[in-house]
Amino acid sequence: MTAARPAGPALRELPGDLTRLAALHGVATSHRASPDRTVTAPAAAVTRALAALGVDAGTPGAVRASLAAARAERAARLLPPTVVARAGQGTAAALTGLPGGTRLRVDTEDGGTLDGTAELPPGVHRLTATAPGGRRAEAHLIVAPDRLPAPAGRSYGLLVQLYSLLSRRSWGMGDLGDLGELAAWAGRSLGAGFVQVNPLHAAVPGPPVDPSPYRPSSRRFPDPVHLRVEDVPEYAYADDPRLRALGERARSLREAVLSGGALIDRDAVGRLKREALELLARVPLGPGRSAALADYRAEGGGALDDHATWCALAEVHGPDWHRWPEPLRDARSAATARARADLRARVDLHARLAWLTDEQLTAAQRTAREAGMPVGIVHDLAVGVHPGGADAWAQREFFAAGMSVGAPPDAFNARGQDWGLPPWRPDRLAAAGYAPYRELLRGLFRYAGALRIDHVMGLFRLWWVPEGHPPTEGAYVRYDAEAMLAVLVLEAARAGAVVIGEDLGTVEPGVREALRERGVLGTSVLWFERDWAGDGRPLPPERWRADCLATATTHDLPPTAARLGGEHVALRDRLGLLTRPAAVERAEAEADTAEWRDALTRLGLLRPPPGRDGATPAAPREQARPDGAGTPHAPGAPHTPGTVPARAPRTPRAPRALHAPVTLAAPPPEAPVPGPDPADSAEEAEIRAVHRFLLRTPARMVGLWLPDAVGDRRPQNLPGTRDQYPNWRLPVADARGRPVTLEDLAGSPRLRALIDAMRSPSGD
């Protein structure tokens, strides 16, 4: 690796006092755009980030005054706002500099009191330090296990966007009833160990509802649009003909998607379910159900009340609280309290809907575990929330005003990215003992066997983009990664859950190592696993990391059939998204997939094409490697292949019986190449080979993108598009684009053949 050298903006040096002030507040004044290029942040970006943290750096004089104040505060401080320790690891680093003779007392979360900090139990405690001379300070004390235990055994599972998987009982989009059925079938019949779904957070209400699950109104509460109406217990006691009429309209929505070529219409589904759920809310709860709702509301406390209040106010004033009457923009104002009282019936309804959704989420996880899944449902935590939504309103003091999370320019996006999500303020989190973060995780772990954290690098730093400015004029702001990881490990350990970090893209050195040290799994996508430190060719399976979820694709990438056939280049070409000539993109994509086909052939996982006895030796790749030690991935998929050759239609065959064990067995290196099967198409053989390759890796979890199992060719999301492509609105479909229901999956020979290959030690 060559030494880092300044380039472009790096030639401009920031004033020394501004650099020192920024460092004290965690604002980075430069970052490495690539191994040999360091970029200096614009002074204006640093100044605006500091302003969002409540630090005045608008003039040289203000910088000097703020710097002096920050230094004086740190010099006088006996304890930081939050102290982090690892259970059984001795004295916390923040306590090693205390004056000699300082007395420490710990008030534990369970009401006990300890003198000193030896043998601290895991939990969130209160620490009091009294120095000689009487100086006294208090701090939050977070004690977490050193690391999470590894998942029990090795397992494979299914990855699916829940809305996209309809059954014959869905109301126009996949729901929690479908999730339970999928988990029960996959666990019992397919031996799957988990099912991973998209974020099910509460969306900003429409119309139109933003279909992206990654820009929610709230991450703290789920969206009732995912409810299976008929599974609400009160449905059995409802005698209202309007419910039957709504069911008929729901059937029409479902058939329009499954048979009429319609897109998933979340707005229409939401309207029908809301009408039905309001009718069900009129059915009196039995004593036990009433007590369960009361317990849920008591446990949810002010957070649930805030969420329900925001929902009720949004019905009156619209879904962006910035446009509400001024007094209502403050969740703690007297005007908001009066409005909450005036809208009590609607507030109660929204709290009840959150409870019903929580019940069905919990039931889905229980069903998965009862079906033999060692993990169960893997939920997804979005990186942030909509600026006009419930969380940004209720927790306003914890978000950086006038800032948005994004990504700096890189090899795949010269303009950078602005995701439109306000970032948390690291200083306010620390002052609160990370309470908002702890409560968020605790709520999700109620019903999750594992949690995938989108853009897990955000636990370390986030790219802050000032409002009204392009992403190129942003700066990184650091978070206390030790504290963020401690909270994550503590809450996951309490729940007995696995944590998977989505660590694709630009990953600074040390991040993956820190995650691995704490037992957080990473994410490895086949197409981006290459020997970047060597010849750039596909990384042999034995050299993959073990602590990861290994997959062939994700929701932001082309399905495997489309990538192998090159259809995603043709799609991006049709939509005008290519930044280079189509011929160049196709040639690069074809070379990329050819190298992978050769790798699969050399390993005996794929038969050579007719007329070839073996794989063609591949020349070392000469390709720019993205930043740092990161996997080369960015929205838009860097390696994009060309058009699809015609494929012969497949003749269905009867499914083979599947054996019961959940644990995966990787095919031995000497496994023979499967004999020819005239029922198999070349495409299906290649997809099976890709997944058998994943089994050759030591990955603890192997994920099968469910659309890959039936030959779907359409990505669920095409980054860089908004109206040009139906992002987040496509049902799972077969190779010809025909929607596939959950019931169809259970009888799919193509899916069964792929699962056979994934579960069989010999792979035949």
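Not measured: the values here are computed from a predicted model.

Considerations on the side chain of Thr128
Here's step 1: Relative to the helices and strands, Thr128 resides in strand β7 (residues 123-130).
Here's step 2: With relative accessibility at 2%, the residue Thr128 sits in the buried group.
Here's step 3: Thr128 has contacts with Arg103, Leu104, Arg105, Arg136, Ala137 and Glu138, leaving out every residue within four places of it along the chain.

Re the sheet that holds strand β14 (residues 403-407)
Across a sheet, strands are paired by hydrogen bonds formed along the backbone, either parallel or antiparallel in direction.
Here's step 1: Judged by pairing direction, the sheet is antiparallel, and its 4 strands sit side by side in the order β15-β14-β17-β18 without closing on themselves. The sheet is open, and its two edges are formed by β15 (417-421) and β18 (475-478), each paired on a single side. With direction set aside, neighbouring strand axes in the sheet form an average angle of 50°.
Here's step 2: Across 4 bridges, β14 lies against strand β17 (residues 461-466) in antiparallel orientation. Looking at β17, one finds that Gly406 is bridged to Trp463.

Some thoughts on the environment of Ala184
Here's step 1: Tracing the chain through its elements places Ala184 in helix α4 (residues 176-189).
Here's step 2: For the pair Ala184 and Gln365, spaced 181 residues apart in sequence, the C-alpha separation works out to 9.8 Å.
Here's step 3: Once you skip the residues sitting within four places of it in the chain, Ala184 turns out to touch Ser189, Thr367 and Ala371.

Focus: helix α18 (residues 682-696)
Here's step 1: Over its 15 residues, α18 runs 21 Å from end to end, which matches the ideal 21 Å to within 8%, given 1.5 Å per residue.
Here's step 2: Taking burial as the measure, the 15 residues of α18 include 13 buried ones, the bulk of the element.

Regarding the pattern of salt bridges
Here's step 1: Evaluation of the coordinates by the stated rule reveals 56 salt bridges.
Here's step 2: The closest approach of N and O atoms between Asp17 and Arg20, which form a salt bridge, is 2.8 Å. Within this pair, Asp17 and its partner Arg20 are both found in helix α1 (residues 16-24), separated by 3 residues, close to a single helical turn.
Here's step 3: Here Arg20 falls in the partly exposed class, since its relative accessible area comes to 41%.
Here's step 4: Asp391 is the salt-bridge partner of Arg220, the closest N and O atoms lying 3.2 Å from each other. One end of the pair, Arg220, is in strand β12 (residues 218-222); the other, Asp391, is in helix α10 (residues 390-394), with 171 residues separating them in the sequence. Like Asp391, Arg220 is buried.
Here's step 5: Through salt bridges with shared partners, one network takes in Arg297, Asp305, Asp306, Arg332, Arg340, Arg344 and Asp348.

Here's the deal with the nonpolar core
Here's step 1: The biggest cluster of nonpolar side chains holds 127 residues, and the ones touching the most others in it are Trp464, Leu488 and Leu745.
Here's step 2: With sequence-adjacent residues up to four places away left out, Leu488 is seen in contact with Tyr437, Leu441, Ile453, Leu459, Val499 and Val520.
Here's step 3: If you look at the next biggest cluster of nonpolar residues, it comprises 27 residues, including Val229, Val232, Ala250 and Val347.

Details of the packing of α4 against helix α9 (residues 344-370)
Angle between the axes and distance between the axes: these two values describe a pair of packed helices.
Here's step 1: Look at α4 against α9: their axes get within 8 Å of each other, and the N-to-C directions meet at 5°. Taken together, the axes of α4 and α9 are roughly parallel relative to one another. Listed contacts from α9 to Leu176, Leu179, Gly180, Ala183, Ala184 and Arg188 of α4 are Thr357, Gln360, Leu361, Ala364, Thr367, Ala368 and Glu370.
Here's step 2: Residue composition of the contact of α4 with α9, grouped by class: 7 nonpolar, 4 polar and 2 charged.

Reading the values: the criteria
Residues numbered from 1 in each chain as written. Predicted model: local features only at pLDDT ≥ 70, side-chain atom pairs only at ≥ 80, totals over all residues. Heavy atoms only, no water. Helix = DSSP H or I, 4+ residues; strand = E, 2+ residues; numbered from the N terminus. Buried < 20%, exposed > 50% of the residue type's maximum accessible area, 1.4 Å probe, protein only. Contact = heavy atoms within 4.5 Å. Pairing = 2+ DSSP bridges. Axes fitted to C-alpha atoms, helices over the stretch in contact; angles between N-to-C directions. Expected span 1.5 Å × (residues − 1). Salt bridge = Lys/Arg side-chain N within 4 Å of Asp/Glu carboxyl O. Core = buried A, V, L, I, M, F, W, Y, C linked by side-chain atoms within 4.5 Å. Parallel < 35°, antiparallel > 145°, perpendicular 65-115°, else oblique. Nonpolar A, V, L, I, M, F, W, Y, C, P; charged D, E, K, R; others polar.

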